[in-house]
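Residue-level structural notes
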Amino acid sequence: MNGSGLQPPIIAGSAWQYSFFNLSVPDLIVFGLMIVVFVLAIAIPFPGGDHNDPH
Amino acid sequence: MTHTNWTRSLRNWIERTVPMEHLLPDTMPSYVDSYVYLFGVLTLAAFVWIIVSGVILVIFGPDWWHVSAIGHFFNSTHFWSVQAFFFFMVLHLWAQFLMAAWRGGRHWTWIAGWMLFLLSILAGFTGYLSQTNFDSQWVGVQGKDAMNSVGVGGFFNLLNFGQMYGLHVFLLPMLILFLIGAHLFLVRKHGVVEPLPLDDGYGKKNRQRIAPPVPEGESRP
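Residues numbered from 1 in each chain as written. Chains lettered and ligands numbered in written order. Predicted model: local features only at pLDDT ≥ 70, side-chain atom pairs only at ≥ 80, totals over all residues.

Side note on the overall build of chain A
Regarding its fold elements, chain A presents one helix and two strands. Beginning at the N terminus, the succession of helices and strands in chain A can be written as β-β-α. (Helix = DSSP H or I, 4+ residues; strand = E, 2+ residues; numbered from the N terminus.)

Listed below in structure tokens is the structure:
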């Protein structure tokens, strides 16, 4: 188990802290990815859809 | 003399409330042609993988998933399915929140979705406690104080592996399955929510969100 990072001293990874937020680097990566996927889902036209502007 | 018959009245109620063309539609409104409408079904697909990998894990148990290569594989599959489940569920939540999906009598669909979200957090939490590794011990020891502080520590003991495991593999999945069924049923019953009316630039909402059909022989301007 040595080298697994679970032997003392255990050092936490870096995190972004603001108010009650305490987001680790993986947290920030996932949150950023969610925003990117959400924006792309809105922006990319759906194949086979009707893209005529109704106005 | 007319006989009231509960099977007949139930059948009539079902036919009246949820006709089959609503339950199993073969066409969808044109506004569903967007990737935004895929987040719900992606959440559902992740849930299927959670159940499949979870059933395999529960058959063989912790002694297997910690030491066997195949056990590690299914343990990881279960973990990553949960990541995908929450990832797409939160995107589904954003999408439905931003289009105010509770409109048009769809409030119970929205409420069922919220209940699913909260139950899923509880299921994820009991899952972390069921890992039987250093992580689960850390989460249990840290979390028990929070549970005690809100007064549920007496019957919800995070350090009781059997209780957490039982909740995780039986009670919570059953509740989530039931609520997913209700959620999907309500979506089918009320249909997919239409997009919000567009602002026409003059401070008025344009209720004619979908353009009227173009008559035969004419082209859209």
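So, next bit.
A closer look at the packing of helix H3 (residues 39-60) of chain B against helix H5 (residues 69-98) of chain B
All names here are of chain B. It is at 8 Å that the axes of H3 and H5 come closest, and there the two elements cross at 155°. When the axis of H3 is compared with that of H5, the two are roughly antiparallel. Crossing of H3 over H5 shows left-handed handedness. Tallied by class, residues from the contact of H3 with H5 come to 17 nonpolar, 10 polar and no charged. (Axes fitted to C-alpha atoms, helices over the stretch in contact; angles between N-to-C directions. Parallel < 35°, antiparallel > 145°, perpendicular 65-115°, else oblique. Left-handed = near helix turned anticlockwise from the far one by under 90°. Nonpolar A, V, L, I, M, F, W, Y, C, P; charged D, E, K, R; others polar.)

Focus: the environment of B:Thr17
Here B:Thr17 shows up in helix H1 (residues 6-17). Considered as a pair, B:Thr17 and B:Lys189 are 172 residues apart in the sequence and their alpha carbons are 7.4 Å apart.

Focus: the domain arrangement of chain B
A common way to report how large an interface is uses the accessible area buried once the components associate. Residue and element names in this part refer to chain B. In terms of domains, chain B is made up of domain 1 (34-98) and domain 2 (104-195). Just the C-alpha atoms count here: the centres of domain 1 and domain 2 sit 14 Å apart. At the junction of the two partners, domain 1 supplies 10 residues and domain 2 supplies 10 residues. Elements supplying a minimum of two residues to the side of domain 1 that touches domain 2: H3 and H5. (Domains from an automatic or database assignment. Contact = placed C-beta atoms within 7 Å.)

What to know about H5(B)
Along its 30 residues, H5(B) runs 43 Å from first to last C-alpha, staying within 8% of the 44 Å computed at 1.5 Å per residue. Among the residues of H5(B), B:Phe74, B:Asn75, B:His78, B:Ser81, B:Val82, B:Phe85, B:Phe88, B:Met89, B:Leu91, B:His92, B:Ala95 and B:Gln96 are the ones counted as buried. Buried residues along H5(B) sit against helix H1 (25-43) of chain A together with H3, helix H4 (62-65) and helix H6 (107-129) of chain B. Just downstream of H5(B) lies B:Ala100, where phi reads positive at about 45°. (Expected span 1.5 Å × (residues − 1). Buried ≥ 20, exposed ≤ 12 C-beta atoms within 10 Å, placed from the backbone.)

A few points about unusual backbone geometry
One non-glycine residue, A:Ser19, adopts positive backbone phi at about 55°. One can find A:Ser19 in the loop between strand E1 (15-18) and strand E2 (21-24). In the Ramachandran plot, B:Thr132 falls in the positive-phi region, its phi being about 50° despite a non-glycine side chain. Relative to the elements of secondary structure, B:Thr132 occurs in the loop between H6 and helix H7 (134-149).

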